[in-house]
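Results of the structural survey
The residues making up each chain are set out below.
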Amino acid sequence: MFRGNLQHTGIYESAGPSQSSALKWKFHTGGSIFSSLAIANGVVYVGSADHNLYAINLDGTLKWKFKTKSRVTSSPAVIAGIVYFGSWDGNFYAVDVVTGQLRWQFQTAGERRFTATHLHGSQPVTESMPDPFDCYLSSPAVWNESVYFGSGDGNVYSLDAGTGKLKWKFKTGDVVHASPAISDGVLYIGS
């Protein structure tokens, strides 16, 4: 998952790639890629602004792609045969890693960008505008048979990882595009 584990340490269990001076392969999507990729069992999972989540074999060939109704900028998490991710269409998805078929989806109240006045020094000072750099979505954390993520609707969600049923949600004061980290049984996330 995003940053390698629930604590987001960036330390991965497997060895990093060996040094290479040549491009091994490339894969073209129909849009920009903002999310980090996840690699599990010889497959690369990555979202694209072309509204798809891609599963790409390590030789660079397409295994499958899953279409959503908007950009996929959430970094996927792959656990127990399911890839979890969010889309700007306001849905959170669970897709089978082998077939690319939908296991379940959960509808949030919708996505939106963070909006404020005088953002990044913009003028006029009193004009409210969406943050042009708010292009990422919360990347899921999967722990203890639950999947956790934030949403532009201002909520942090906990869903049953197997069924997608809502366990709980927590209302914050604004957009939640940060990714949850979990340590010692406590979930941490920014809004």
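Up top is the structure these notes are about.
About the criteria used
- Residues numbered from 1 in each chain as written.
- Predicted model: local features only at pLDDT ≥ 70, side-chain atom pairs only at ≥ 80, totals over all residues.
- Heavy atoms only, no water.
- Patch = residues over 30% accessible without salt bridge, like charges linked within 9 Å, V, L, I, M, F, W, Y side chains within 5 Å.
- Areas by Shrake-Rupley, 256 points an atom, 1.4 Å probe, with all protein chains shown as cover.
- Salt bridge = Lys/Arg side-chain N within 4 Å of Asp/Glu carboxyl O.
- Helix = DSSP H or I, 4+ residues; strand = E, 2+ residues; numbered from the N terminus.
- Pairing = 2+ DSSP bridges.
- Axes fitted to C-alpha atoms, helices over the stretch in contact; angles between N-to-C directions.
- Buried < 20%, exposed > 50% of the residue type's maximum accessible area, 1.4 Å probe, protein only.
- Contact = heavy atoms within 4.5 Å.
- Core = buried A, V, L, I, M, F, W, Y, C linked by side-chain atoms within 4.5 Å.
- Phe/Tyr/Trp six-rings, centres within 6.5 Å; stacked < 30°, edge-to-face > 60°.
- Lys NZ or Arg CZ within 6 Å of the ring centre and 35° of its normal.
- Polar contact = N/O pair within 3.5 Å; in protein donor to acceptor, adjacent residues only side chain to side chain.

Focus on a nonpolar patch on the surface
On the surface, Leu-37, Ile-39 and Leu-58 cluster together into a nonpolar patch covering about 300 Å² of accessible area. Looking at the secondary structure, you find Leu-37 in the segment before β1 (38-40).

A look at the sheet that holds strand β3 (residues 52-57)
Two strands in a sheet stick together by hydrogen bonds in their backbones, pointing the same way (parallel) or opposite ways (antiparallel). Strand order in the open sheet formed by four strands is β1-β2-β3-β4, with antiparallel pairing between adjacent strands. Looking at which strands have only one partner, the edges of the open sheet turn out to be β1 and β4 (62-67). Ignoring which end each strand starts from, the neighbouring axes of this sheet average 20° apart. In this structure, β3 lies alongside β4, joined through five bridges in antiparallel fashion. Across the sheet, residue Ile-56 finds its bridge partner in β4, namely Leu-62.

A word on the environment of Gln-107
Within the secondary structure, Gln-107 sits in strand β8 (residues 102-107). Judged by relative accessible area, which is 47%, Gln-107 ranks as partly exposed. Note: C-alpha distance between Gln-107 and Asp-89 (18 residues apart in sequence) is 8.8 Å. The contacts of Gln-107, once residues within four sequence positions are left out, are Asp-89, Gly-90 and Asn-91.

Quick notes on the nonpolar core
If you look at the biggest cluster of nonpolar residues, it comprises 15 residues, and the most contacted ones within it are Tyr-45, Trp-64, Val-78, Val-83, Phe-85 and Val-95. Of all elements in the fold, only β1, β2 (43-47), β3, β4, β6 (82-86) and β7 (91-96) reach the threshold of two or more residues within this core. Listed in part, the 13 residues of the second largest apolar core include Ile-82, Trp-104, Phe-106 and Val-147.

Description of the packing of aromatic side chains
Applying the stated criterion across every chain, the model contains 12 aromatic pairs. Taking 5.4 Å as the distance between ring centres and 65° as the angle between the ring planes, the aromatic pair formed by Phe-66 and Tyr-93 counts as edge-to-face. Separated by 27 residues along the polypeptide, Phe-66 in strand β4 and Tyr-93 in strand β7 bring together distant segments of the chain. Since its relative accessible area comes to 11%, Phe-66 is described here as buried. Each residue in the set Tyr-84, Phe-92, Trp-104, Phe-106, Phe-149 and Tyr-157 is aromatic and connected to the rest through ring pairs, giving one cluster. Stacked on the ring of Trp-88, the Lys or Arg Arg-71 has its end atom at 4.6 Å from the ring centre.

Concerning the side chain of His-8
Position of His-8 relative to the elements: it lies in the segment before β1. Of the polar contacts made by the side chain of His-8, one reaches the backbone oxygen of Pro-180; its length is 2.4 Å.

Structural notes on the side chain of Asp-96
Here Asp-96 lies in strand β7. Overall, Asp-96 belongs to the buried group, its relative accessible area being 15%. Of the polar contacts made by the side chain of Asp-96, one reaches the backbone nitrogen of Val-98; its length is 2.8 Å. In contact with Asp-96, other than residues within four places in its own chain, are Trp-64, Gly-81, Gln-101 and Arg-103.

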